[in-house]
Amino acid sequence: MPIGRYKATARWIPEGHAPVPMLIRINYTGKYAESVEFEFDKPRGASTSNYLSELEVKAP
């Protein structure tokens, strides 16, 4: 069971090039930023015990 808050960042690492920082946000929530803090949500149904949190990323 994940407990606490987490901080996520994202970057794209194209082969042969320097890493490119990406923008990130909680799925469908708020504005994109360089990082996002989140908590894992409870399972969506009785058939799974997997906690999850969905994030979106995009190029700046």
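Residues numbered from 1 in each chain as written. Predicted model: local features only at pLDDT ≥ 70, side-chain atom pairs only at ≥ 80, totals over all residues. Heavy atoms only, no water.

Looking now at the pattern of salt bridges. Evaluation of the coordinates by the stated rule reveals three salt bridges. Where R5 meets E37, a salt bridge forms, and the shortest distance between an N and an O atom there is 3.5 Å. Of the two residues, R5 is situated in the segment before β1 (6-8) and E37 in strand β5 (residues 36-38); the sequence distance between them amounts to 32 residues. Overall, the relative accessible area of 51% leaves R5 in the exposed class. Measuring nitrogen to oxygen at the nearest pair gives 3.4 Å for the salt bridge that ties R5 to E39. Here R5 is found in the segment before β1, whereas its partner E39 is found in the loop between β5 and β6 (55-58), with 34 residues between them in sequence. (Salt bridge = Lys/Arg side-chain N within 4 Å of Asp/Glu carboxyl O. Helix = DSSP H or I, 4+ residues; strand = E, 2+ residues; numbered from the N terminus. Buried < 20%, exposed > 50% of the residue type's maximum accessible area, 1.4 Å probe, protein only.)

Below, the discussion takes up the confidence of the model for the protein. Per-chain confidence: the protein averages 89 in pLDDT, with 90% of residues scoring 70 or above. When pLDDT is averaged over each helix and strand of the protein, the minimum, 95, is found for β5 and the maximum, 97, for strand β4 (residues 23-26). (pLDDT = per-residue confidence, 0-100.)

A few words on the nonpolar core. Judged by nonpolar contacts, A8, A10, M22, I24, V36 and F38 together constitute the single largest core of six residues. Discounting chain neighbours no more than four positions away, the residues touching F38 are G4, R5, Y6, K7, A8, I26, S53 and L55. (Core = buried A, V, L, I, M, F, W, Y, C linked by side-chain atoms within 4.5 Å. Contact = heavy atoms within 4.5 Å.)

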